[in-house]
Amino acid sequence: MSKESGKNAAKYIVNTHPGLFEKDISEPHIPCLMPEKLELQLEEVSEAALKERIQLRRVKAAVDMYDQLQQAGTSVSLETSNRLLDLLCFYGDREPVQATPSADNGELEAQEEGVEVRKQRRSVWRTSDTACTKWSEKNNAERVFSLMPEKNAHSYCTMIRGMLKHRAYSRAIDMYTDLLNNRLKGDVYTFNALILSAVEVKNKYAERWDFVEDLLKEMAQQNIQPNLLTFNSVLKVLEQCGSLGKSLALQTLSEMSALKIEPSLATYHHLLAVFYKSATSARGPTDIIYEVLDEIEGKNFYAQDPADTNFFSNAMRICLDLKDVQLAYRLHRVVETGENWKMMGDMSLQATYCGRFLKLLCMMEHLDIALKWYKELVPSMFYPNSDGMLDILQALDMAGRLDRIPQIWKGGGRGKAQGCFSGSQECWARTEWSPAVRETERLLESQAHNVVLSI
């Protein structure tokens, strides 16, 4: 973690103060390893200067240069206008947020916190201006779009995706209608974004599916080949279509197979989300999770969809709900296959996966086996939170092995100190111990007190 923090800090310094690193003393000279030149070089009013500002992601400067070109009567090419639209629509007409070391380091520290706190902080870290701002009417993107003397399919598709990204769903649908009315052809990425918007623009389950089906028919009419993300988008919508989604999800998988499109981990994640909504539904008469494990065992996966990293933690949740430890072992073998461990996601998702796995082991396995896995997982893969440590303490209590508490306390790090120390006290208070063991307890209490003060 210290090494990663150092890398993030160095990256921040280089990107924030590139002027301090202009002297190149490296031999041989390797351009890709040098910091990017972030200062504007062209000051004259020209299309080249506009391109430079777009390349450097200077949103306001690019808009100002575009306005100066318009005032001077200088025409801007369609390609450059589209690049400006790309910039405005992606960032929501706002300057991009600069990454800071505190945000990166915060994620490394998140593993030491409780699940709920971790989720809340993760949502804050990953919320940028591009995610939290809504599309405003008559913004610069719409103004530039209206000033363009010529528009092509790329122009319309960029506007549609930008409006959807920034939650202007009704305006995006209107823009999609204009695309069709102008007899222009969309692209697969725009249709994928429109499919995902079904949950926002339609309330009833049947209406959502009708909306998705109409989009798929339009893709077929325009000879646009669906890709993996198209089917994953459909499955994600079906997660929120109730019982209707279960029959249509299997039909969607059949369509994928017919087109020879291999599912990704996100595909299986969405499929499981359709059939296993909660612990109650996990006890239903479905064997989908077992069929999914049969399908993915022995395979290597690589990132193809941002939701790929959600699969393992969600699948382990289902194993925990089913209380099926053998299924959990099978799932963990998939993680250990090849480089599939890279698909576990960030430290928060990895901690969630390991925490659920360890909880299931404490519930269903012999104590010695649970402790063997505890030693393997902690601290190499995660630090258990307070709930996880309490699960271990309860397992020790049930097996009458409270003498192992010092070993567990030492291995689990400091993150659990506040939440579980009272639990360990309760366990110890119910048992008669020798003076030597009581002295150990006193030392542990003193260490825990010091840890709490240092947090």
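No experiment lies behind these values; they were computed from the predicted model shown.

Novice: Would you take a moment to explain the overall build of the protein chain for this structure?
Specialist: Helix and strand counts for the protein chain come out as 26 helices and 0 strands. In the protein chain, which comprises 455 residues, the proportion classed as buried is 43%. Across the protein chain, contacts joining residues at least 24 apart in sequence account for 69% of those joining residues at least 6 apart. Accessible surface, the protein chain: about 24500 Å² in total, of which carbon and sulfur atoms supply 52%.

Novice: I tried to follow a negative patch on the surface on my own but got confused; where do I start?
Specialist: Where like charges cluster on the molecular surface, the negative patch consists of Glu207, Asp210, Glu213 and Asp214. You can see aspartate 214 is positioned in helix 13 (residues 205–221).

Novice: Sorry, what's going on with the side chain of glutamate 47 here?
Specialist: Following the sequence through the fold, glutamate 47 ends up in helix 2 (residues 47–55). Polar side-chain contacts of glutamate 47 include one of 2.6 Å to the side chain of serine 77. With residues near it in sequence (within four places) discarded, glutamate 47 still touches Leu69, Ser75, Val76, Ser77 and Thr80.

Novice: I keep staring at the packing of helix 9 (residues 153–165) against helix 10 (residues 169–181) and nothing clicks. Help me out?
Specialist: Helix-helix packing: each pair is described by the crossing angle between the helix axes and the interaxial distance. Packing of helix 9 against helix 10 brings their axes to within 8 Å, and their N-to-C directions diverge by 165°. Of the possible angle classes, the one that applies to helix 9 and helix 10 is roughly antiparallel. You can see that helix 9 and helix 10 cross each other, and the crossing is left-handed. On helix 10, the residues touching Ala153, Tyr156, Met159, Ile160, Met163 and Leu164 of helix 9 are Tyr169, Arg171, Ala172, Met175, Tyr176, Asp178 and Leu179.

Novice: Help me understand the nonpolar core, please; the structure alone is not making it clear to me.
Specialist: It is characteristic of soluble globular proteins that their nonpolar side chains tend to be buried jointly. Ranked by internal contacts, the top residues of the largest apolar core, which has 104 residues, are Met159, Leu238, Leu272, Phe311, Phe312, Leu331 and Leu396. Counting residues per element, this core draws most heavily on helix 21 (residues 347–364), which supplies 8 residues. Those residues in contact with leucine 272 that lie beyond four places of it in its chain are Ile288, Ile289, Val292, Phe311, Asn314, Ala315 and Ile318.

Novice: What am I meant to see in the packing of aromatic side chains here?
Specialist: Aromatic ring pairs: the centre-centre distance and the angle between the two ring planes describe each pair. One pass over the structure, following the stated rule, counts 9 aromatic pairs. The interplanar angle of 85° and the centroid separation of 4.9 Å between the aromatic rings of phenylalanine 90 and tyrosine 91 together place this pair among those described as edge-to-face. Since its relative accessible area comes to 46%, phenylalanine 90 is described here as partly exposed. With 6.4 Å between their ring centres and 80° between their planes, phenylalanine 312 and tyrosine 353 make a pair best called edge-to-face. A residue pair is termed long-range when its members are at least 10 positions apart, and phenylalanine 312 in helix 19 (residues 311–322) and tyrosine 353 in helix 21 qualify at 41 residues. Comparing phenylalanine 312 with tyrosine 353, the two get one shared label, buried. By way of ring pairs, the aromatic residues Phe311, Phe312, Tyr329, Tyr353, Phe357 and Trp373 are connected into one cluster. Geometry around phenylalanine 90 places lysine 165 over its ring, the cationic atom sitting 4.7 Å from the centre. Sitting over the ring of tryptophan 373, lysine 372 keeps its end group 4.6 Å from the ring centre.

Novice: Sorry if this is basic, but what is going on with unusual backbone geometry here?
Specialist: Most peptide bonds take the trans form, and the phi angle of most residues other than glycine is negative. In this structure, proline 379 follows valine 378 across a cis peptide bond, with omega equal to 0°. Along the chain, the position of proline 379 falls in the loop between helix 22 (367–377) and helix 23 (386–399). Phi angles above zero are rare outside glycine, and aspartate 93 is one such case at about 65°. Mapping aspartate 93 onto the fold places it in the loop between helix 4 (78–91) and helix 5 (101–109). Positive phi, close to 65°, is recorded for arginine 167, a residue that is not glycine.

Novice: It is not clear to me how helix 18 (residues 288–296) should be interpreted in this structure. Could you clarify?
Specialist: Each full turn of the α-helix corresponds to 3.6 residues, which orients residues three or four apart in the same direction. Looking at helix 18, one finds that the buried residues are Ile288, Ile289, Val292, Leu293 and Ile296. Projected down its long axis, helix 18 shows its buried positions confined to an angular sector of 135°, all on one face. In this structure, the buried residues of helix 18 make contact with helix 15 (242–258), helix 16 (265–275), helix 19 and helix 20 (325–336). Following helix 18 by one or two positions, glycine 298 adopts a phi angle in the positive range, close to 80°.

Novice: When you look at helix 9 in this model, what are you seeing that I'm missing?
Specialist: If you check helix 9, its first and last C-alpha atoms are 18 Å apart, about what 13 residues at 1.5 Å a residue would give, namely 18 Å. Listing the buried residues of helix 9 in full gives Ser155, Tyr156, Cys157, Thr158, Met159, Ile160, Gly162, Met163 and Leu164. The inward-facing, buried residues of helix 9 contact helix 4, helix 8 (140–147), helix 10 and helix 11 (188–196).

Novice: Before we go on, may I ask you to explain the pattern of salt bridges in this structure?
Specialist: Oppositely charged side chains can pair when the atoms bearing their charge come close. Within this structure, the stated rule accounts for 11 salt bridges. With a shortest N-O distance of 3.5 Å, arginine 53 and glutamate 52 are connected by a salt bridge. Of the two residues, arginine 53 and glutamate 52, neither departs from the other in class, the shared state being buried. One salt bridge connects lysine 342 with glutamate 339, and the closest N-O pair in it is separated by 3.1 Å. Judged by relative accessible area, which is 46%, lysine 342 ranks as partly exposed.

Novice: Help me understand the side chain of histidine 269 in this model?
Specialist: Among the structural elements, histidine 269 can be located in helix 16. For histidine 269, the side chain forms a polar contact with the side chain of asparagine 314, separated by 3.4 Å. Aside from chain neighbours lying at most four places away, what touches histidine 269 is Ala307, Asn310, Phe311 and Asn314.

Novice: For this particular structure, what's the right way to read the environment of leucine 179?
Specialist: Its place among the elements puts leucine 179 in helix 10. Separated by 19 residues in the primary sequence, leucine 179 and isoleucine 160 place their C-alpha atoms 9.4 Å from one another. With sequence-adjacent residues up to four places away left out, leucine 179 is seen in contact with Ala153, Tyr156, Ile160, Leu184 and Gly186.

Reading guide: rules and limits
For every chain, the first residue of the written sequence is number 1, and numbering continues from 1 along that sequence. Totals for whole chains, interfaces and linings use every residue, but because this is a predicted model, local features are given only for residues with pLDDT of at least 70 and side-chain atom pairs only at 80 or more, for both listing and counting. The basis for every side-chain value is the complete set of non-hydrogen atoms in the structure, without hydrogens or water. Working definition: helices are DSSP H or I runs of at least four residues, strands are E runs of at least two. Numbering for both runs from the N terminus. Note on classification: 1.4 Å probe, protein chains only; a residue is buried when its accessible area is under 20% of the maximum for its type, exposed when over 50%, partly exposed between these limits. Throughout, a residue-residue contact means that at least one pair of heavy atoms, one from each residue, lies within 4.5 Å. Note on areas: Shrake-Rupley with a 1.4 Å probe; residue coverage comes only from the protein chains shown. Two distance rules govern patches: like charges are joined within 9 Å, and nonpolar side chains (Val, Leu, Ile, Met, Phe, Trp, Tyr) within 5 Å, applied only to residues with over 30% relative accessible area and no salt bridge. Here, a salt bridge means any side-chain nitrogen of Lys or Arg that lies within 4 Å of a carboxyl oxygen of Asp or Glu. His residues and chain termini do not enter the charge count, which takes Lys and Arg as positive and Asp and Glu as negative. Each charge is placed at NZ for Lys, CZ for Arg, CG for Asp and CD for Glu. Think of a polar contact as two N or O atoms within 3.5 Å of one another; within protein, one of them needs to be a possible hydrogen donor and the other a possible acceptor, and neighboring residues in sequence only count if both atoms come from side chains. Here, axes are lines fitted to C-alpha atoms. For helices the fit covers the stretch in contact, and angles between N-to-C directions go from 0 to 180 degrees. Between 65 and 115 degrees an angle is taken as roughly perpendicular, under 35 as roughly parallel, over 145 as roughly antiparallel, and anywhere else as oblique. Whether a crossing is left-handed or right-handed is set by the direction in which the near helix is turned from the far one by less than a right angle, anticlockwise for left-handed and clockwise for right-handed. Here, nonpolar core refers to any group of buried Ala, Val, Leu, Ile, Met, Phe, Trp, Tyr and Cys residues whose side-chain atoms link them within 4.5 Å. Working definition: rings of Phe, Tyr and Trp (its six-membered ring) pair if their centres are within 6.5 Å, and the pair is stacked with planes under 30 degrees apart, edge-to-face with planes over 60 apart, and tilted otherwise. Consider the ring centre and the ring normal. A charge sits over the ring if Lys NZ or Arg CZ is within 6 Å of that centre and within 35 degrees of that normal. Read the arc as the range of directions from the helix axis to the C-beta atoms. Each residue after the first adds 1.5 Å to the expected span of a helix.

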